[in-house]
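# Structural features, examined
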Amino acid sequence: MARPTDKQNGSDGPLLQQAIPLLIDWYSRHKKSMPWREDPTPYHVWISEIMLQQTRIEAAIPYYLRFIRELPDIPALAAVEEERLLKLWEGLGYYSRARNLKKAALLLTERYGGALPRTPEELQKLPGIGAYTAGAIASIAFGERTPAVDGNVMRVYARLCAMEEDVMKENTRRAVTASLAEVYPAGREAGLLTEALMELGEVVCIPNGAPLCDRCPVAEICRARRAGKQEELPLRSPPKARRIEERTILLLEQDGAYAVRRRPDHGLLAGLWEFPALEGYAREEEIFDYAVKQGCCPEALKAGPEALHVFTHVEWHMKGTFLTCRSRSPLFEWKTPLQILADCPMPKAFHVYLNAIKKR
Ligand code: SF4
């Protein structure tokens, strides 16, 4: 006979209600120490959640500490110069996240008395805050009964409840959020549950392979495990193929200084700095021709490193070329590697080339 936790009448509520205290208890005993957990003010939760989008926890920690040290509160964030903000963000990628933080801080200063609002509805009116981040801030910092559903939580939910819907679909995410919201606790337990679900997905109910069910606090009641489907779930439609763009990165050098330029204010990597580049893998004569047209008087050419950078929808396949020049074209800024490091926020895509000119 089926146990009471098996899916009956299509509702996951009773199973979730059984799971919640087990998850909170497990998290309270096993949680990993992280700087934003030491003092989970709304500002700290907000900054950490934005940084953790697309960035691993271990990689985000030094950035978080440096950011909070320099910009300890919303007024400081609202007042920071954009160039300095992008420098603090350099290496994390997805720079629109940093720009949105500043835009939101300005709005908060103008309209909310310099504090974050507590409800997910108000939080989602701020630039860069979607349903997931709003849920995380509202539950962790304010104790609101609001789930925060990201890929980790979707995976845990899909396995725990043996859900056979496509987790890549927005409708599925909405349904999971609604199902969790029905049983979400309030107050301190709301934040603990949010963190417990995220952490279980990160360290136990892991993606890409077998989850560590023997370490899982909900193993006894997990439907996927009981059905032997823990490695089949969650179901997901295949991602769309990325567009591939080939590029030639030009490291134009004159007396120890390299040509760099600021990218336009809109579009991919807006406002960041880059080395000049040609579309496609350019031939030697095309590279010389380009440098002559820019007024650089090129002399000697040498092949540089190759690099690959993956964005969400596009991949850059890059080949570098060192080109010694006799004159500095005014179309570029000319800076030494140290000056570039100090003054020019440069996206991760170009770090291979930045390292290459540092080593010369
Ligand atoms: Fe995931 Fe296994 Fe725990 Fe189920 S028992 S939630 S599959 S780790």
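Check the entry above for the structure.
Quick look at the structure, then.

Rules used throughout
- Residues numbered from 1 in each chain as written.
- Predicted model: local features only at pLDDT ≥ 70, side-chain atom pairs only at ≥ 80, totals over all residues.
- Heavy atoms only, no water.
- 1 Å grid on protein atoms, 1.4 Å probe; cavity = no way out; pocket = protein on both sides within 12 Å on 5 of 7 lines; lining within 4 Å.
- Points joined across faces, edges and corners; volume = space filled by probe spheres on them.
- Helix = DSSP H or I, 4+ residues; strand = E, 2+ residues; numbered from the N terminus.
- Nonpolar A, V, L, I, M, F, W, Y, C, P; charged D, E, K, R; others polar.
- Core = buried A, V, L, I, M, F, W, Y, C linked by side-chain atoms within 4.5 Å.
- Buried < 20%, exposed > 50% of the residue type's maximum accessible area, 1.4 Å probe, protein only.
- Contact = heavy atoms within 4.5 Å.
- Pairing = 2+ DSSP bridges.
- Near = heavy atom within 4 Å.
- Sits in = over half its atoms within 2 Å of the grid points.
- Phe/Tyr/Trp six-rings, centres within 6.5 Å; stacked < 30°, edge-to-face > 60°.
- Lys NZ or Arg CZ within 6 Å of the ring centre and 35° of its normal.
- Expected span 1.5 Å × (residues − 1).

Estimates place the volume of the largest pocket at around 1,400 Å³. Lining of the largest pocket is provided by 45 residues; of these, L52, Q54, D150, G151 and N152 occupy positions nearest its centre. Where the lining of the largest pocket is concerned, the elements lending two or more residues are α2 (35-38), α3 (42-52), α4 (57-70), α9 (131-142), α10 (151-160), α11 (170-183) and α12 (188-203). A per-class count over the lining of the largest pocket returns 18 nonpolar, 11 polar and 16 charged. Broken down by element, the lining of the second largest pocket gets its largest block of residues, four residues, from helix α7 (residues 96-111). For the lining of the second largest pocket, the per-class residue count stands at 11 nonpolar, eight polar and four charged.

The next subject is the nonpolar core. Among the nonpolar cores identified, the biggest contains 103 residues, and W46, I47, F67, L77 and F275 are the most heavily contacted of them. With near-sequence residues (within four places) excluded, F275 lies in contact with I249, L250, L251, A259, V260, I340, M346, F350, Y353, L354 and I357. Of all hydrophobic cores here, the second largest spans 14 residues; its members include I287, Y290, L323 and F332.

In the sheet, strand β1 (residues 243-254) pairs with strand β6 (residues 314-325) via 11 bridges, with the strands oriented parallel. Residue R247 lies in a different strand from β6, and its bridge partner there is M318. Both β1 and strand β4 (residues 277-279) contribute to a ladder of three bridges, which runs antiparallel. Across the sheet, residue T248 finds its bridge partner in β4, namely L278.

All right, on to α3 then. In terms of burial, α3 is largely enclosed, as nine of its 11 residues are buried. Within α3, the full set of buried residues consists of Y43, H44, V45, W46, I47, S48, E49, I50 and M51. Immediately downstream of α3, the backbone of Q54 shows phi near 70°, a positive value.

This part takes up the site of the ligand. Around the ligand, a shell composed of R159, V204, C205, P211, C213, C216, V218, A219, C222, R225 and Q230 is seen. Under a 2 Å grid-point criterion requiring more than half of the atoms, the pocket assigned to the ligand is the largest cavity.

On to the packing of aromatic side chains. This structure, assessed with the given rule, holds seven aromatic pairs. Here the aromatic rings of F67 and W89 are separated by 6.0 Å at their centres, their planes lie at 80°, and the arrangement is edge-to-face. Here F67, found in helix α4, pairs with W89, found in helix α6 (residues 82-89); they are 22 residues apart in sequence, far enough to count as distant. Each member of the pair, F67 as well as W89, carries the same accessibility label: buried. A network of ring pairs unites the aromatic residues F275, F311, W316 and F350 as a single cluster. Above the plane of the ring of Y281 lies K319, whose end atom (NZ or CZ) is 4.3 Å from the centre. In this arrangement the basic side chain of K335 is found over the ring face of W273, its NZ or CZ atom lying 6.0 Å from the centre.

This part is about the environment of W36. Position of W36 relative to the elements: it lies in helix α2. Note on W36: relative accessible area 7%, which makes it buried. Along the sequence, W36 and R99 sit 63 residues apart, while their C-alpha atoms lie 21 Å from each other. Those residues within four positions of W36 in sequence are excluded, and the remaining contacts are H44, S48, L52, I57, I61 and Y64.

What follows covers α12. Two residues of an α-helix separated by three or four positions point the same way, owing to the 3.6 residues in each turn. Under the 1.5 Å per step criterion, the end-to-end length of α12 is 22 Å for 16 residues, consistent within 8% with the ideal 22 Å. The buried fraction of α12 is high, at 12 of 16 residues.

Let's shift gears to empty space enclosed by the protein. Taken as a whole and assessed by the stated rule, the structure comprises two cavities of 30 Å³ or more. Its boundaries defined by the atoms lining it, the largest cavity holds a volume of some 100 Å³. In terms of lining residues, the largest cavity is bounded by 14 residues, among which R159, C205, C213, C216 and C222 are the most central. With three residues, the top contributor of residues to the lining of the largest cavity is α10. Counted by class, the lining of the largest cavity contains 11 nonpolar, one polar and two charged residues. If you add up the space inside the second largest cavity, you get close to 70 Å³. Around the second largest cavity, the lining residues are L16, A19, I20, L23, V156, Y157, L160, L180, V183, L193 and L197. Going through the elements one at a time, α1 (13-30), α10, α11 and α12 are the ones with two or more residues in the lining of the second largest cavity. The element best represented in the lining of the second largest cavity is α1, accounting for four residues. For the lining of the second largest cavity, the class distribution of residues is 11 nonpolar, no polar and no charged.

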